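# Working through the structure, step by step
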Amino acid sequence: MSSQSSVQESGATADPSRAMKGPICQASHEHDWYDVLLLNRIVSSALATYIFLLPLSLFERINNVRWISFSGVLSVIFLAVCIVYLLIKHGVFSSPVNTVPTYLWPSRGLTGVISAASAYIFAYVCQVNVPHIYCEMDPSNEKHLRHISFASVVLCFVVYVAVGTCGFLTYGSITKASVVQSIREDFLHGNSFVTVAFILMGIAVLAASPLNIYPLRAAMIDTIKGIPGRTKLNR
């Protein structure tokens, strides 16, 4: 479960609705109620918050969201498989501006790598839930936790390498900042594999939210419990 909040953070920064807006929302229907309901950011975000995110964030124990977490991880893994599939389908991207240095050296040089360091660190943020995961483990011991932590980081690494490497080889110099935007053309052409990946990315984003909210809520409740007369407050 600790891998969930890190693997899915990379997916959470993507916006599947923006990439899907083109083929779904035509000019003649852009003001219809269903287009507003599904593709308007404010409306869709409010619906997702109150219908899905709020109920999922009210569980008392983090163990209660383990299957939701697992579905989110599988969704991101499916995206990685989809990127590998697209590389096999399209082959390595080639154009006059794509030479060997294009693939071996960062386009913005060492400065670009340093500026992206925060994104690299953020991609492996899976420690915020570790204290609560440890408390709910059975058996609860450090050796077991080390195995879980190692498996989580390895899973993150494999997914990131698969998406980053295969995605860049597939799209070369036209690679977008978001992998969802890069595979948008295949979605517009009706590729069913990519369509499923888009849907699962939405599930991954929804599944990641409870794990991001739980530590903050738990910290606030533990703080309030420390106030005299507030010891019976539940999570």
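Residues numbered from 1 in each chain as written. Predicted model: local features only at pLDDT ≥ 70, side-chain atom pairs only at ≥ 80, totals over all residues. Heavy atoms only, no water.

As a reminder of what qualifies: UniProt positions are given in the numbering used here, feature names are shortened, and annotations may be inferred rather than shown by experiment.
Per an unreviewed UniProt entry, the recorded name for the protein is Amino acid transporter, putative, and the organism is Perkinsus marinus. Note on the protein: under the UniProt heading Subcellular location (unreviewed entry), the record states "Membrane".

## Re the overall build of the protein
Short version of the rule: Where helices and strands are cited, they refer to DSSP runs of H or I of at least four residues and of E of at least two residues respectively, numbered from the N terminus. Three exposure classes are used, based on accessible area relative to the maximum for each residue type with a 1.4 Å probe and protein chains only: buried under 20%, partly exposed in between, and exposed over 50%. For accessible areas, the Shrake-Rupley method is used with a probe of radius 1.4 Å. Any residue's cover is judged against the shown protein chains and nothing else.
What the protein contains, in helices and strands, is 13 helices and zero strands. Buried residues in the protein amount to 33% of all 235 residues. Counting only carbon and sulfur atoms, one obtains 69% of the accessible surface of the protein, whose full area is about 14200 Å².

## As for the environment of Tyr214
Turning to its location among the elements, Tyr214 is positioned in helix H13 (residues 192-225). In this structure the C-alpha to C-alpha distance between Tyr214 and Phe59, which are 155 residues apart in sequence, comes to 8.7 Å.

## So, the packing of helix H5 (residues 66-90) against H13
Quick reminder of the rule: Lines fitted to C-alpha atoms define the axes, with helix axes restricted to the stretch in contact, and inter-axis angles between N-to-C directions lie between 0 and 180 degrees. Crossing handedness is read from the near helix: turned anticlockwise from the far helix by less than a right angle, it gives a left-handed crossing, and turned clockwise, a right-handed one. Contacts: residue pairs with any heavy atoms within 4.5 Å of one another. Side-chain classes follow a simple rule in which Ala, Val, Leu, Ile, Met, Phe, Trp, Tyr, Cys and Pro form the nonpolar group, Asp, Glu, Lys and Arg form the charged group, and the remainder, Gly included, forms the polar group.
The N-to-C vectors of H5 and H13 enclose an angle of 145°; their axes lie 8 Å apart at closest approach. In the packing of H5 onto H13, the handedness of the crossing is left-handed. Here H5 contributes Ile68, Ser69, Ser71, Gly72, Ser75, Val76, Phe78, Leu79, Val81, Cys82, Tyr85 and Leu86 to the contact with H13, which in turn contributes Phe193, Val194, Val196, Ala197, Leu200, Met201, Ile203, Ala204, Ala207 and Leu211. The residue makeup of the contact of H5 with H13, split by class, is 18 nonpolar, four polar and no charged.

## A few points about the packing of aromatic side chains
To be explicit about the condition: In this analysis, rings of Phe, Tyr and Trp, with Trp reduced to its six-membered ring, are considered paired at centre separations within 6.5 Å, and the interplanar angle assigns stacked below 30 degrees, edge-to-face beyond 60, and tilted for intermediate values.
Throughout the structure, instances matching the rule amount to four aromatic pairs. Note on Trp67 and Phe70: the rings are 6.3 Å apart at their centroids and 85° apart in plane angle, and the pair reads as edge-to-face. Here Trp67 and its partner Phe70 are both found in helix H5, three residues apart, which amounts to about one turn of the helix. Taking the centre distance of 4.7 Å and the plane angle of 40° together, the rings of Phe187 and Phe198 count as tilted. With Phe187 in helix H12 (residues 184-188) and Phe198 in helix H13, this pair connects stretches of sequence that are 11 residues apart. There is no split in this pair, since Phe187 and Phe198 are both buried. The rings of Phe78, Tyr85 and Phe193 are connected pair by pair, giving a single aromatic cluster.

## Re H13
What counts, and what does not: Expected helix span is taken as 1.5 Å per residue step, with the number of steps being one fewer than the number of residues. Throughout, the bend at a residue refers to the angle made by two axes, fitted to the seven residues ending there and to the seven starting there. Within 3.5 Å is the distance limit for a polar contact, defined as a pair of N or O atoms, with the added protein rule that one can donate a hydrogen and the other accept it, and that residues adjacent in sequence qualify only through two side-chain atoms.
Between the first and last C-alpha of H13 there are 51 Å, a value that for 34 residues agrees with the 50 Å anticipated at 1.5 Å per step. In the structure, H13 departs most strongly from a straight axis at Tyr214, where the bend amounts to approximately 30° and where the proline Pro215 lies between one and four residues downstream. Near the N-terminus of H13, the side chain that reaches the backbone nitrogen of Phe193, with its oxygen 3.0 Å away, is that of Asn191.

## Some remarks on the packing of H5 against helix H10 (residues 142-171)
If you want to describe how two helices pack, look at the angle between their axes and the distance between the axes. Note the following rule: Roughly parallel covers angles under 35 degrees, roughly antiparallel covers those over 145, roughly perpendicular covers 65 to 115, and oblique covers all other angles.
Following both chains from N to C, one finds H5 and H10 inclined at 30°, their axes separated by 9 Å at the closest point. The pairing of H5 with H10 is recorded here as roughly parallel in orientation. Crossing hand, H5 versus H10: left-handed. Contacts between H5 and H10 involve Val73, Val76, Ile77, Ala80, Ile83, Val84, Leu86, Leu87 and His90 from the first element and Leu155, Val159, Ala162, Val163, Cys166, Gly167, Leu169, Thr170 and Tyr171 from the second.

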